Structures are given as structure tokens and as C-alpha cells.
Amino acid sequence: MINPGSAAQSFNNLDKFLRIEELYLMQRVAQKINSILDLDTLLDQIVGDVASTFGYKRLAVLLKENNTEELVIAAGWTGELCLKGTRFKIGQEAGMSAHAAASGETFYAPDVRKVPFYIAGEADTRSEIDIPLKVRGELIGIFNVQNTEMNAFSPERIRLLEALAGHVATAIANARMFQRERFEKERMARELEEARAVQSVLFPATAPEARGFEITGVCRPCREVGGDWYDYIPLGDGRLAVVLADVSGKGMGAALFMSSTRSVLRLHAARRLSPRAILSEVNRFLVEDMPASRFVTLIYAVVDPATRRITFASAGHVPPVFVDSKGARFVEADAGMPLGIMDCDFSEHEIDMISDSRIFLYSDGVTEALNSSLEEYGTDRILNHVGNGAATVQSLLKDVDQFASGYPASDDITVVKIAR
């Protein structure tokens, strides 16, 4: 004969075991969904895991759209009237899920046929529970579970599902944040690529013509866009202006500052002003109209094939390197103040370009390039390299790269060679 007390104890132990097992299953589902950051994948995983873990065949996740105040079925439900993408206006008249969203409280119907505002998803659904999904008190959606049996959700099961809904809400919020960050990164990448394409057009596409001279140049930004710039500007009388500039800072801000400087300089270059006058005019504009935190170092050089001379003015730029039969040396000249800091005067300097002489203009990204030991390329190395009669713009860049040995560049690099 079975002892009733023993049977009751066994039943209680079994019930306790099942509750522990359900809590373990819920924890497993929660850990799994919290590791997924793609929103669509997450929603499908939630529906699939809850269905397989707890045996529910009909469940859905509805997300709230803030701009329309509607609930949209984002995953689950296969009923003829409630397909994925179906919308419900939040409010009592628009179904149980919308009612739970409006009240902010769990709504449970032991018999859906007795709920006047129930909207059928499946004809044989008999009981349904709708649990609000909230993050920091704000509604983000509804977790919906249905069953074909009457009163299929015990109080213990409702509490379990509510606890699970909390994990679901957190996982959705994390996935949405990740999605926003991903979209923002993709948008920024597209904008940077567009900016890079626009900036690349600002650099010379071909070598310029200047009788008796060979001129080559290259600019290599360390990011998608940069603040270095070089240019060739025909002056209409056989002379050619060669410009090399380095804007303070990096990235989009430096690129925009560079573009403005380029436009103003080209405008004044068309007036065929002297190098010193060009720098004065550009400086005046930058001081008056540009942020005080930005400045630009710049060399403006005019190549004159008739006199075989180069006349240049410097605004705080690194000194050019002149090379002839005597070797390579820095041009001793007043560097001047960078443009955009304060009103000031600039001086001019002339260089006689004898046969087989050459001059290298460059940005400080060359001399300040670092290797893995944080040692700079420096001035001695640039003199040693360009002193070789076979040195070119590309050979100098290659020498800098070999020195850096893969250490990432921290500044733009620009080099222009003017050879006679």
C-alpha cells in the first residue's frame, strides 16, 4: 500500500526538481541570446530557443516603433492573420499585445475567447500571455506566448517567462545599440571614402610642364584623408608655382582646412603675386575666418625657366633640400610663421638652378617618421638619401618605409622634387 505522505513528498521533490531544471534552461537561453549582437539573428534565436526549451510552438517578439507608436511582429507567429511585419496600434482595441504595451503590465488570458479585444492568430489558440519588454522602464516591445490548452500558464511559469523577458529586453537593447554603432561606422566609412575621392582630385593628376625642369610629387595620407597638400599652378607666362603645405592635425578637419587654404591660395596665385604677397594674403584670410586652433605650414615656390631660378617664401615649413655636385644641404632661409596664427610679414629667397641641380620639398611626415624603437627618420637620413644622384620621390618614400619596417605612420607624407 502506498503511503500518501511519501507520495506527496515525492511529488514535491519532483516539482522542485522541475522548477530548478526550468531555471537552468532559462539561464542557458539567457546566456546564449545575450551573446548575439545581430538583431535579426537574435530575434530568430529567441523564438527558436524558447520554443525548443519550453515546448511552446506559438510565440512572437513584437517591437515598438517610436515614430508610429505601433507594435510590429519582428519574429515568430505563423498565423494567417498575424504574419511577420503585421502592425498593431498600441491600445486596448488593437489586441492583447497592444493592450499590454499600453498598460505596461503583463496581460494573461486563461481563455482568449473571453477577451473582447483579442485578435486571433491561430484559430485553436486558447490561452495567451503578453509580457512587456522594458529597458530602464521604457517599453521596447512585447514578448508573446500562446498555447492550445486552456489556462496553460501557471503562476510559476508566468514568473519564469517574465524573468526571461527581462533578459530578452536587455539582449534586444544591446543588439540595437550594436546595430546603431555599426550603421554609424558604415556611414562614416562611406563619407570618408567620398572625402578621399574628392581630395584625391585636388592633387595634380600629371607632371607639370616647365621648360628645362622635371617636376614630380606624391602625397600619402596616413588616414583616409589628410592635411598635406601639394599643387602645380601655371602662371600663364611660362612660370610655374609649386606649392607644398601641411595643415595641423589629421583626418576630416585637417582635410577641410586644407581645401579652404588651397582655394584661397589658387585665387591669389591667379593674380601673379609674388610668393611673399601670396602668403600674406592667404594668412590674412586664415587669421580672420578660420579657427584659431588650426594653422598650416606652407612653401610657395615659383619656377622661372627663363632665369632658371626658383623664388620661394616659407610659412613655418621645414627647409627645402638643395642638391648639386657639392652634395645635399638644407636651404638656409627664414622659415617664417605658419599661416593662420597671427598677422606677420614673409620673406623671399632665390635659388639658382644650375645644370643637374635639384631641390626637394617635403612635409615633416618624412623626417618625423618613426620605427618600432620610436627613432625618427631624421634630417641626416634625408640628406644622405637625396644626395644620391639617382634619388627620386618614390625612392625616398621607399627608404622611409624600410626605415619604419611596418611601424604605422602617424603623419601624412608629401614629397616634391624639382630637377633641372
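Thresholds, definitions, all that
Residues numbered from 1 in each chain as written. Predicted model: local features only at pLDDT ≥ 70, side-chain atom pairs only at ≥ 80, totals over all residues. Heavy atoms only, no water. Helix = DSSP H or I, 4+ residues; strand = E, 2+ residues; numbered from the N terminus. Buried < 20%, exposed > 50% of the residue type's maximum accessible area, 1.4 Å probe, protein only. Contact = heavy atoms within 4.5 Å. Pairing = 2+ DSSP bridges. Axes fitted to C-alpha atoms, helices over the stretch in contact; angles between N-to-C directions. Expected span 1.5 Å × (residues − 1). Phe/Tyr/Trp six-rings, centres within 6.5 Å; stacked < 30°, edge-to-face > 60°. pLDDT = per-residue confidence, 0-100. Patch = residues over 30% accessible without salt bridge, like charges linked within 9 Å, V, L, I, M, F, W, Y side chains within 5 Å. Areas by Shrake-Rupley, 256 points an atom, 1.4 Å probe, with all protein chains shown as cover. Salt bridge = Lys/Arg side-chain N within 4 Å of Asp/Glu carboxyl O. Polar contact = N/O pair within 3.5 Å; in protein donor to acceptor, adjacent residues only side chain to side chain.

## Points about the overall build of the protein
When helices and strands are tallied, the protein shows 9 helices and 16 strands. Of all 420 residues assigned to the protein, the portion counted as buried reaches 46%. A fraction of 64% describes how many contacts in the protein between residues 6 or more apart in sequence connect residues 24 or more apart.

## Focus: the sheet that holds strand 15 (residues 358-362)
Reading across from one edge, 7-16-15-12-13 is the order of the 5 strands in this open sheet, with antiparallel pairing throughout. Every interior strand has two partners, whereas the edge strands, strand 7 (214-220) and strand 13 (327-330), have only one. The mean inter-strand angle of the sheet, taken between neighbouring strand axes irrespective of direction, is 15 degrees. Lying over the sheet, helix 8 (residues 378-386) contacts strand 12 (321-324), strand 13 and strand 15, oriented at roughly 145 degrees with respect to strand 13.

## Notes on the pairing of strand 14 (residues 348-352)
Burial along strand 14 is one-sided: the residues His-349 and Ile-351 are buried and none of Glu-348, Glu-350 and Asp-352 is. For strand 11 (residues 309-315) and strand 14, the ladder comprises 5 bridges, and the chain directions are antiparallel. Of the residues in strand 14, the one forming a bridge with Thr-311 is Glu-350.

## Thoughts on the sheet that holds strand 9 (residues 240-247)
The antiparallel open sheet is built from 5 strands, whose spatial order is 8-9-10-11-14. At either margin of the open sheet sits one strand with a lone partner, and together these are strand 8 (228-234) and strand 14. Averaged over all adjacent pairs, the angle separating strand axes in this sheet is 20 degrees, with direction ignored. In this fold helix 5 (residues 251-269) packs onto strand 8, strand 9 and strand 10 (296-304), with an angle of close to 20 degrees to the strand it touches most, strand 8.

## Overview of helix 6 (residues 275-289)
Look at helix 6: 21 Å from first C-alpha to last across 15 residues, which is about the 21 Å you get at 1.5 Å a residue. Residues of helix 6 that are buried include every one of Pro-275, Ile-278, Leu-279, Ser-280, Val-282, Asn-283 and Leu-286, and no others. Those residues of helix 6 hidden inside the fold are in contact with helix 5, strand 10, strand 11 and strand 14.

## A closer look at the packing of aromatic side chains
One pass over the structure, following the stated rule, counts 4 aromatic pairs. Consider the rings of Phe-107 and Phe-117, whose centres lie 5.6 Å apart with planes at 55 degrees: the pair is tilted. Placement of the pair is Phe-107 in strand 4 (residues 107-109) and Phe-117 in the loop between strand 4 and strand 5 (127-135), with a sequence separation of 10 residues. Ring plane angle 70 degrees and centroid distance 5.7 Å describe the contact between Tyr-230 and Tyr-232, whose orientation is recorded as edge-to-face. Judged by relative accessible area, which is 6%, Tyr-230 ranks as buried. You can call Tyr-232 buried: its relative accessible area is 9%.

## So, the confidence of the model for the protein
Here the protein shows a mean pLDDT of 84. Residues at 70 or above account for 88%. Overall, residues 7-15 carries pLDDT values under 50, and its contacts beyond four positions in sequence, including any with other chains, amount to 1 contact.

## Quick look at the pairing of strand 11
Most of strand 11 is tucked away, with 6 of its 7 residues classed as buried. Sheet topology note: the strand 10/strand 11 ladder contains 7 bridges and is antiparallel. Looking across to strand 11, one finds that Ala-301 is bridged to Phe-312. Where strand 10 hands over to strand 11, the hairpin turn is made up of 4 residues, of which Arg-308 adopts a positive phi near 60 degrees.

## A short note on a nonpolar patch on the surface
Residues Phe-295, Met-337, Ile-341 and Met-342 make up a contiguous nonpolar surface patch of roughly 330 Å² in combined accessible area. Given the relative accessible area of 42%, Ile-341 is considered partly exposed.

## Let's talk about the pattern of salt bridges
Pairing between side chains becomes possible if they bear opposite charge and their charged atoms approach one another. Counted by the stated rule, this structure contains 16 salt bridges. As a salt-bridge pair, Glu-70 and Arg-87 come within 3.0 Å of each other at their nearest N and O atoms. Of this pair, Glu-70 sits in strand 2 (residues 70-76) while Arg-87 sits in strand 3 (residues 87-89), and the two are 17 residues apart along the sequence. Look at Glu-70 and you get buried, because its relative accessible area is 16%. Owing to a relative accessible area of 42%, Arg-87 belongs among the partly exposed residues under this scheme. Note that Arg-239 is salt-bridged to Asp-237, the shortest N-O span being 3.0 Å.

## Brief notes about the environment of Ser-405
Examined against the element boundaries, Ser-405 turns out to sit in the loop between helix 9 (393-404) and strand 16 (413-419). Sequence spacing of Ser-405 and Leu-370 is 35 residues, and the spatial spacing of their C-alpha atoms is 9.2 Å. Here Gln-402 takes part through its backbone oxygen, which lies 2.9 Å from a polar atom of the side chain of Ser-405.

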